[in-house]
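As a plain string of letters, each chain reads:
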2 protein chains.
Amino acid sequence: MYTIKEVAKLMDVSEHTLRFWAKSGLFPGVKRDANNIRQFSEHDLGWVKIVKCLRSVGTDNKSIKRYIDLCLIGDSTIPERFGIIKATRIKALQQMEELKKQLELLDYKESYYEELIKNNKSDKYNPANDIKEAVS
Amino acid sequence: MYTIKEVAKLMDVSEHTLRFWAKSGLFPGVKRDANNIRQFSEHDLGWVKIVKCLRSVGTDNKSIKRYIDLCLIGDSTIPERFGIIKATRIKALQQMEELKKQLELLDYKESYYEELIKNNKSDKYNPANDIKEAVS
DNA sequence: TAATTCTTGAGAGTAGCTATCAGTCAAGTA
DNA sequence: TACTTGACTGATAGCTACTCTCAAGAATTA
């Protein structure tokens, strides 16, 4: 059993955010002790993990709640849950591509500045002139 | 020259967001025509591109403004700009790693559901039991 | 001339945190 | 025994970065 503080550390999510997610119904059935303090089980960490995963890909909290609720309903919702996960995976792959592209720009800019510094050159007060093609 | 609508389409950023960024001072020196309508040049698209890049990695608008302002000051700020880009690049790499990890979970979940459906099995109303290791 | 289309800025609304605060409880210390 | 410290609680306020709605004004088309 873990306190909210331990979960926060373990999962790298702030206590505030965990409470916010809990209040939003994203962690069903987390037990409390005699002093009303949340006790996260290993099982509950599973919820935290999937919520964190969906959030990190940009799924809004309402849709996450929907997924959680589908889970609670049971087997009949497996096809819909499957669909959600598939769509989320595709979204994640797209984000990966986008991130790669942005990384290329950062790589380029980094070497551009490096060059500038090494050769003690000016960029003519025009920081965008290191970008060859205009559109992303 | 491009209207804001064209830029929105070209760069895949909403007009609203472009106006918001413009108002925040993230696009210095965008010209207007006789009717006060913004005319983005190729050069201006460079600003949009770098702002979009920094935003996509989670840089807050205040820090982006700082970067833009440094650019406008000129050569004396090249070392600081270099530092910002380097730090941003590292942040992007970390995000890449994080995304990969989340993608693994999604991959696992997808095949889990697939299996479930193929074999007409139950997940015992416990959607978190497809997660082997508890912590992320 | 009238209707449509586009852009503009102002301002309201929203999501998802993030921070503050007072209150409760348990354990440790004087 | 009284006091302090520290962890957790929910309520609530505040913040960022959009996102949407709107009315006004100019240009285009019927």
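Since we're looking at a predicted model, the values are computed, not measured.

Conventions and cut-offs
- Residues numbered from 1 in each chain as written.
- Chains lettered and ligands numbered in written order.
- Predicted model: local features only at pLDDT ≥ 70, side-chain atom pairs only at ≥ 80, totals over all residues.
- Heavy atoms only, no water.
- Helix = DSSP H or I, 4+ residues; strand = E, 2+ residues; numbered from the N terminus.
- Contact = heavy atoms within 4.5 Å.
- Buried area = accessible area lost by both parts, 1.4 Å probe.
- Salt bridge = Lys/Arg side-chain N within 4 Å of Asp/Glu carboxyl O.
- Polar contact = N/O pair within 3.5 Å; in protein donor to acceptor, adjacent residues only side chain to side chain.
- Buried < 20%, exposed > 50% of the residue type's maximum accessible area, 1.4 Å probe, protein only.
- Lys, Arg positive; Asp, Glu negative; His and termini not counted.
- Least-squares fit on C-alpha atoms with pLDDT ≥ 70 in both.
- pLDDT = per-residue confidence, 0-100.

Thoughts on unusual backbone geometry
Step number 1: For Asp12(A), which is not glycine, the phi dihedral falls at a positive 55 degrees.
Step number 2: Assignment of secondary structure puts Asp12(A) in the loop between α1 (4–11) and α2 (15–23).
Step number 3: The phi dihedral of Asn36(B) is positive, around 70 degrees, even though this residue is not glycine.
Step number 4: Along the chain, Asn36(B) falls in the loop between β1 (31–32) and β2 (38–39).

A few points about the interface of chain B and chain A
Step number 1: Counting residues at the interface gives 57 residues for chain B, matched by 57 residues for chain A.
Step number 2: Here chain B packs against chain A, burying approximately 5300 Å² in sum over the two surfaces, 71% of which is carbon and sulfur.
Step number 3: Our enumeration of links across chain B and chain A arrives at six salt bridges.
Step number 4: Between Arg89(A) and Glu110(B) there is a salt bridge, with its nearest N and O atoms 4.0 Å apart.
Step number 5: Put simply, chain B and chain A have ten residue pairs in polar contact (both at pLDDT 80 or more) between them.

Quick notes on the side chain of Arg38(A)
Residues and elements named next belong to chain A.
Step number 1: Examined against the element boundaries, Arg38 turns out to sit in strand β2 (residues 38–39).
Step number 2: Among buried charged residues, Arg38 stands out as having no salt bridge; its nearest opposite-charge side chain is Glu15, 8.6 Å away.
Step number 3: If sequence neighbours within four positions are ignored, Arg38 has contacts with Tyr2, Thr3, Ile4, Arg19, Ala22, Val30, Lys31 and Arg32.

Some points on the relation of the copies chain B and chain A
Step number 1: You can overlay chain B on chain A at an RMSD of 0.1 Å; the transform is a turn of 180 degrees with a shift of 0.0 Å along its axis. Such a combination of turn and shift is consistent with a two-fold rotation axis. Measuring from the rotation axis to each C-alpha of chain B, the shortest distance belongs to Met96(B), at 3.5 Å.
Step number 2: When the interface residues of chain B are mapped onto chain A, 100% of them again lie at the interface, so the same face is used by both copies.

Observations concerning the confidence of the model for chain A
Step number 1: Looking at chain A as a whole, its pLDDT mean stands at 91, while 90% of the residues score no less than 70.
Step number 2: This model gives residues 132–136 of chain A a pLDDT under 50, and the stretch forms 14 contacts once residues within four places in sequence are excluded.

Examining the pattern of salt bridges
Should the charged atoms of two oppositely charged side chains come close, the side chains can pair.
Step number 1: Here the structure, examined in full by the defined rule, presents 18 salt bridges over all chains.
Step number 2: Where Glu98(A) meets Lys101(A), a salt bridge forms, and the shortest distance between an N and an O atom there is 3.6 Å. Taken as a pair, Glu98(A) and Lys101(A) lie in helix α5 (residues 78–118) at a separation of three residues, close to a single helical turn.
Step number 3: The exposure class assigned to Glu98(A) is partly exposed, which follows from its relative accessible area of 26%.
Step number 4: A salt bridge links Arg89(B) to Asp107(A), with the nearest nitrogen and oxygen atoms 2.3 Å apart. Of this pair, Arg89(B) sits in helix α5 (residues 78–118) while Asp107(A) sits in helix α5, on two different chains.

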